[in-house]
Amino acid sequence: MTGLLNTVFCLLLLPAFAGASEVRDGGAAAAVAELRAAALADDDEGQGMAFDKLRSAGDAALPLLIEELRHSDRTVREVAAWAIGNFEPFPASAAKALIAAMADKDRVYGLAAADALKNARSAPWLIKELRAKSPKARARALYVLGNKAFLEEKAVPLVLKLLKDPDPEVRDNAIWALGKIRPRTGNPEQALLAKFSEDSYRVCGRVIESLACFEPETVHPEILKLMTRCNVQRMV
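Conventions and cut-offs
Residues numbered from 1 in each chain as written. Predicted model: local features only at pLDDT ≥ 70, side-chain atom pairs only at ≥ 80, totals over all residues. Heavy atoms only, no water. Axes fitted to C-alpha atoms, helices over the stretch in contact; angles between N-to-C directions. Helix = DSSP H or I, 4+ residues; strand = E, 2+ residues; numbered from the N terminus. Parallel < 35°, antiparallel > 145°, perpendicular 65-115°, else oblique. Left-handed = near helix turned anticlockwise from the far one by under 90°. Contact = heavy atoms within 4.5 Å. Nonpolar A, V, L, I, M, F, W, Y, C, P; charged D, E, K, R; others polar. Salt bridge = Lys/Arg side-chain N within 4 Å of Asp/Glu carboxyl O. Buried < 20%, exposed > 50% of the residue type's maximum accessible area, 1.4 Å probe, protein only.

A. Here's a closer look at the packing of helix H6 (residues 107–118) against helix H8 (residues 135–148). Here H6 crosses H8 at 40°, and the two axes come no closer than 9 Å. As judged from the angle between their axes, H6 and H8 are oblique. Considering how the two elements wind past one another, H6 and H8 form a crossing that is right-handed. Residues Arg 107, Gly 110, Leu 111, Ala 114, Asp 115, Leu 117 and Lys 118 of H6 form the contact with H8, whose participating residues are Arg 140, Tyr 143, Val 144, Asn 147 and Lys 148. Residue composition of the contact of H6 with H8, by class: five nonpolar, two polar and five charged.

Structure follows, in structure tokens:
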């Protein structure tokens, strides 16, 4: 008898739960539309208000925001990426969507997606991207990890390996990221010094900048030698 009563009670509650879900989903759709309109109008305040509503809508909002990443207007895509990057909690679906957007052929939008990832707890997914087939994906993953200024030690060998990547942008970003991250393992200073076998003044300057980050109070003697070799003036 008790089991029958429980079943009847649950059946009575189902319409209420369904109604609440419809209200939540409808609120999320309305908030996404509001965010899109604010993006197109370049209305920062409106974007903030719409985002507050999206957070209130919860999980129902995220798939709709991810769909906005495919919008024909770049500004709408950029604002959607920003909103996803600030979403809490930050699930795998959000990380995958933004990481895919990082490799977009539109460089400005790709960097906007990368910037959105800086605000999120995305390091585990970004570390996986260091092995991606796309050079753009590898380069932008390094860009985000460098901007986060932290890296799990287990990923340091991957970053050091990318110093020899066939793609020049990936190599540049690996040099830059090591300076920002300043890992304590893997002997990164020697790996950076080895980059001077390349006859490239641009690479030379980039390595000097990164090496200087390891000793912020003094300039390492090796850096001074390299600055002379590359004819780079020390900035005071």
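B. Layout of the pattern of salt bridges. In total, this model carries eight salt bridges according to the counting rule given. For Arg 36, the salt bridge goes to Glu 68, with nearest N and O atoms at 3.0 Å. Note that Arg 36 is positioned in helix H1 (residues 2–40) and Glu 68 in helix H3 (residues 61–68), a separation of 32 residues in sequence. On the basis of relative accessibility, which here comes to 26%, the residue Arg 36 falls in the partly exposed class. Connected through salt bridges with shared partners, the residues Arg 74, Arg 77 and Asp 106 form a single ionic network.

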